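So the chains spell out like this:
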Amino acid sequence: MIPSATLRFLEREPYLDAARADARVRDELMMGIFEDFEAEFREPVLTDVNQELMTVCPPMMRDIVSPEPPRIQRAYVEGAFMRRMFRLLVEGDAWEADAQVRDVMARHFPFHLAAVEAVESSA
């Protein structure tokens, strides 16, 4: 069944507050992945599967993609959004769902997936 998701756009500070409340991000914070969360966090799209809510931070998206060539910019923006949207459509939790999403994107949207992974790995 396709969910009836809600999409919200937030400025950077409210978005970072929302990110801190995200279960996956909270786990990363507890593991000490970030020395400076506000400077290092680079995920401009979050998905809350239980609430069927996608949260996007356009300013963060712009900052992440601005150094990239235009073709990569568009693929990154679309890919980052699709990756989190597809999370609403797969079964499973955590890494299992993420693996399913990556598999779908690799089969149907390989350029978008490559753009997302390349831009994220350059952080």
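No experiment lies behind these values; they were computed from the predicted model shown. (Residues numbered from 1 in each chain as written. Predicted model: local features only at pLDDT ≥ 70, side-chain atom pairs only at ≥ 80, totals over all residues. Heavy atoms only, no water.)

## Description of the packing of helix α4 (residues 58-65) against helix α5 (residues 70-86)
Packed helix pairs are characterised by how far apart their axes lie and by the angle those axes make with each other.
Next up, step 1: Here α4 crosses α5 at 140°, and the two axes come no closer than 10 Å. The angle between α4 and α5 falls in the class oblique. Crossing handedness for the pair α4 and α5: right-handed. Residues Met61, Ile64 and Val65 of α4 form the contact with α5, whose participating residues are Gln73, Tyr76, Val77 and Ala80. (Axes fitted to C-alpha atoms, helices over the stretch in contact; angles between N-to-C directions. Helix = DSSP H or I, 4+ residues; strand = E, 2+ residues; numbered from the N terminus. Parallel < 35°, antiparallel > 145°, perpendicular 65-115°, else oblique. Left-handed = near helix turned anticlockwise from the far one by under 90°. Contact = heavy atoms within 4.5 Å.)

## Side note on unusual backbone geometry
Next up, step 1: For Glu52, which is not glycine, the phi torsion reads 50° and is therefore positive.
Next up, step 2: Of note, Glu52 is situated in the loop between β2 (45-48) and β3 (53-56).

## A few points about the nonpolar core
Next up, step 1: In terms of nonpolar packing, the biggest core is built from 23 residues, with Tyr15, Phe37, Phe41, Met60, Met61 and Tyr76 touching the most fellow members.
Next up, step 2: Sorting the residues of this core by element identifies α1 (12-21), β2, β3, α4, α5 and α7 (110-121) as the ones contributing at least two each.
Next up, step 3: Once residues within four sequence positions are removed from consideration, Phe41 is found in contact with Arg12, Tyr15, Leu16, Ala19, Val25, Phe34, Leu46 and Met60.
Next up, step 4: Within the second largest apolar cluster, 7 residues are counted, among which are Val90, Ala97, Val101 and Met105. (Core = buried A, V, L, I, M, F, W, Y, C linked by side-chain atoms within 4.5 Å. Buried < 20%, exposed > 50% of the residue type's maximum accessible area, 1.4 Å probe, protein only.)

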